[in-house]
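Single-letter residue listing:
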Amino acid sequence: MRRQKSQEKTFLPSTSKDLLDSPTLSPQHFKILFAVVGVILLYLVFRFLVSSGAGLSSFQPQYCYEIMGYSTDVYFIQARCWADLVTEQIKNTNAQATFSYWAPSSRREFEVKLKELKSMYPEMRRHWGSPAVFEGCNTDEMQYVGGYNDFLSSIQQRYRVTSNGECSSFI
């Protein structure tokens, strides 16, 4: 940098063309600086998510259930009641659950579907009644849970859901 002498004997930078043309950071240095800043930001965001109440430390996976049974079966009706209780009781929490239902109007139609399911899921070979419950959010990840008792056990353990007897009144 060239300096000019001023009247008060202080030196000021000159505005020569070579100062303006030379970059202060080379493109390589700029990339390195950008990467370092990016890593620091990622670290800070990760730390925030882990430490915050709504972040990764309290993340709950999504559970999906498919409850299949015939519509007039009392155990199918109870399973629906318990699913509704879970949905209601976890409403303002981080827990996540989705329930879907398949309920033909006739027992015969359910039995045909049950036979089809048994051929797809060997673990169902001893399942004989309504409902049949599956867990999984995608068709290819569906796993057989069991019948009413297995489903009830599963959701009570996972969600600590309680009933005042409203779901038992159907029997």
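Up top is the structure these notes are about.
It should be emphasised that the depicted structure is a prediction, and the values quoted were computed from it without experimental measurement. (Residues numbered from 1 in each chain as written. Predicted model: local features only at pLDDT ≥ 70, side-chain atom pairs only at ≥ 80, totals over all residues. Heavy atoms only, no water.)

(A) Just the state of the cysteines, in detail. Scanning the entire structure with this criterion turns up two disulfides. Disulfide partner of Cys64: Cys137, at an S-S distance of 2.0 Å. Given an S-S torsion of about 85°, the disulfide between Cys64 and Cys137 has right-handed geometry. Here Cys137 lies in the loop between strand E5 (132-135) and strand E6 (143-146) and Cys64 lies in strand E3 (residues 62-68), a separation of 73 residues in the sequence. (Disulfide = S-S within 2.5 Å. Helix = DSSP H or I, 4+ residues; strand = E, 2+ residues; numbered from the N terminus.)

(B) Region of the structure containing the nonpolar core. Counting 20 residues, the largest nonpolar core has Ile67, Trp82, Val86, Phe99, Phe151 and Ile155 as the members making the most contacts within it. Mapped by element, the contributors of at least two residues to this core are E3, helix H3 (74-89), strand E4 (96-102) and helix H5 (148-159). It is H3 that provides the largest number of residues to this core, a total of seven residues. When residues no more than four places from it in sequence are discounted, the contact partners of Phe151 are Tyr65, Ile67, Ala79, Trp82, Ala83, Phe99, Val133 and Val145. (Core = buried A, V, L, I, M, F, W, Y, C linked by side-chain atoms within 4.5 Å. Buried < 20%, exposed > 50% of the residue type's maximum accessible area, 1.4 Å probe, protein only. Contact = heavy atoms within 4.5 Å.)

(C) Region of interest: the packing of aromatic side chains. Evaluation of the coordinates by the stated rule reveals nine aromatic pairs. Their ring planes at 50° and their centres at 4.9 Å tell us that Tyr121 and Phe134 sit as a pair that is tilted. Linking Tyr121 in the loop between helix H4 (107-120) and E5 with Phe134 in strand E5, this pair joins segments that are 13 residues apart in sequence. Aromatic rings pair up to connect Tyr65, Phe99 and Phe151 into one cluster. The ring of Trp102 carries Lys113 above its face, with NZ or CZ at 5.8 Å from the centroid. (Phe/Tyr/Trp six-rings, centres within 6.5 Å; stacked < 30°, edge-to-face > 60°. Lys NZ or Arg CZ within 6 Å of the ring centre and 35° of its normal.)

(D) Structural context of H4. Here H4 contains 14 residues, and its C-alpha end-to-end distance of 20 Å stays within 8% of the 20 Å for a straight helix at 1.5 Å per residue. When H4 is considered as a whole, its buried residues turn out to be Phe110, Leu114 and Leu117. For H4, the arc enclosing every buried residue in end-on projection is 65°, short of the 170-degree limit, so these residues lie on one face. Among the exposed residues of H4, those oriented more than 90 degrees off its buried face are Arg108, Lys115 and Ser119. Contacts from the buried residues of H4 go to E3, E4 and E5. (Expected span 1.5 Å × (residues − 1). Arc of directions from axis to C-beta.)

(E) Local environment of the pattern of salt bridges. Per the stated rule, a full pass over the model turns up four salt bridges. Salt-bridge contacts for Glu88 lead to Lys91; the nearest nitrogen and oxygen are separated by 3.1 Å. Accessibility expressed as a relative area gives 48% for Glu88, which makes it partly exposed. Between Glu116 and Lys113 there is a salt bridge; the shortest N-O distance is 3.7 Å. Placement of both Glu116 and Lys113 in helix H4 is noted, with a separation of three residues, approximately one turn of the helix. A relative accessible area of 23% places Lys113 in the partly exposed class. (Salt bridge = Lys/Arg side-chain N within 4 Å of Asp/Glu carboxyl O.)

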